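# An overview of the molecular structure
In case you want the letters, here they are:
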Amino acid sequence: MIVRLRRQYAQVLTGGGQLVLLLVGFQSESRRVWIACLAGVALLSFFAWIATVRRWRAIGETPTSQVASAAQGYVELAGRARNHPDAQIIAPHSQRPCCWYRYLVERKRSGGKGWNHVDEGESVASFLLVDATGEASIEPDGADVLVKEKHTWTRGDHRYTEWLILEKDPLYALGGFTTRRVAPSARDAHDDVGAMLASWKSDPPALMQRFDLDRDGKLGFEEWMLARAEAKRRVERTHAELRETPAFDVVSRPADGRLYLLSNLDPVRLERKYFYWAWFHLAAFFASLGAMLWLIA
């Protein structure tokens, strides 16, 4: 829900909030309404300018790293999108294989004018960014995702829109980079032994068959200790195998709140896009502020 609200707020800033306020002003003959609308346009434009400059600077000032040599922390990576081995992500309405999707479902209003929101969602399953030096797992939850792959179609009185990142698409990622290792703790071992014993106890005949050595139909203290020792040996063996598992790299939302961006657009094009939008919002701010002051005077 937090991600959805954050994205909707960003869409208001950059996707037409100013235009809506201007339309309200044009439909009104009140000078006060015009001043209020222009004040709203100036406010939206100012915050949109800040948000856009933040994105433009993050893209332009963060050097591109390679997966194998990336430092822990905030990084920029560029490669190709791939799914994890033996994993498949399917867009829910088009049924297209992909690495990431977002969808929007709308229903035609009565009278045929406009559309009502019905449903929306997006995938949160991880996928891979692969470059010439290695691969990193991308956790898309919380990311701002900009894509060029968009499809819209109607079926009956419903309209469907999907945004996709496809396998082998160019993939740009700007976010937090960490190398994770599987290292079960003593607490994990204790919990896993308890879980294994609980699983064995759920099947009493098999438990008795294995550990009731004197065949008296119940587990004595020594027999129960034998069962615990066997569970401990199995857990230790499993944890030893996990510790030998190679470390893996992950890109996710930065803990410090900095921009987390994923895109299949060219980074140069992304930077240019935010540069132009920054100037647009700055111009809109000064124009609306000047018009508002003119009306007040």
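Since this is a predicted model, take the numbers as computed values, not measurements.

About the thresholds
Residues numbered from 1 in each chain as written. Predicted model: local features only at pLDDT ≥ 70, side-chain atom pairs only at ≥ 80, totals over all residues. Heavy atoms only, no water. Helix = DSSP H or I, 4+ residues; strand = E, 2+ residues; numbered from the N terminus. Buried < 20%, exposed > 50% of the residue type's maximum accessible area, 1.4 Å probe, protein only. Contact = heavy atoms within 4.5 Å. Areas by Shrake-Rupley, 256 points an atom, 1.4 Å probe, with all protein chains shown as cover. Polar contact = N/O pair within 3.5 Å; in protein donor to acceptor, adjacent residues only side chain to side chain. Expected span 1.5 Å × (residues − 1). Arc of directions from axis to C-beta. Disulfide = S-S within 2.5 Å. Pairing = 2+ DSSP bridges. Axes fitted to C-alpha atoms, helices over the stretch in contact; angles between N-to-C directions.

If you tally the helices and strands in the chain, you get seven helices and 14 strands. When the 297 residues of the chain are sorted by exposure, 37% land in the buried category. Of the contacts formed within the chain by residues at least 6 apart in sequence, a portion of 68% connects residues at least 24 apart. Accessible surface, the chain: about 17700 Å² in total, of which carbon and sulfur atoms supply 57%.

Along the chain, the position of D249 falls in strand 13 (residues 248-252). With relative accessibility at 17%, the residue D249 sits in the buried group. Within the structure, the side chain of D249 is placed 2.6 Å from the side chain of T179, a separation counted as a polar contact. Leave out the neighbours within four places in its chain, and D249 touches V67, E135, A136, S137, F177, T178 and T179.

For the rest of this paragraph, the subject is helix 4 (residues 186-201). With 16 residues, helix 4 should cover 22 Å at 1.5 Å per step; its first-to-last C-alpha distance of 23 Å lies within 8% of that length. If you check which residues of helix 4 are buried, you get V193, L197 and W200. All buried residues of helix 4 project into a common sector of 60° when viewed along the axis, lining one side.

A few words on the state of the cysteines. As enumerated under the stated definition, the model contains zero disulfides in all. Looking at C99, it has no disulfide partner, and the nearest cysteine sulfur is the one in C98, 6.9 Å off. C99 sits in the buried class, given a relative accessible area of 0%.

Looking now at the side chain of S252. One can find S252 in strand 13. With sequence-adjacent residues up to four places away left out, S252 is seen in contact with E139, G175, G176, R180 and Y260.

The next point concerns the sheet that holds strand 6 (residues 115-122). Strand order in this open sheet of four strands is 6-5-11-10, and the pairing throughout is antiparallel. Two strands close off the open sheet at either side, each with one partner strand: strand 6 and strand 10 (149-155). Sheet twist, expressed as the average angle between the axes of neighbouring strands with direction ignored, equals 15°. Relative to strand 6, strand 5 (residues 100-108) runs antiparallel, the two sharing seven bridges. Following the sheet pairing, R102 is matched in strand 6 by E122.

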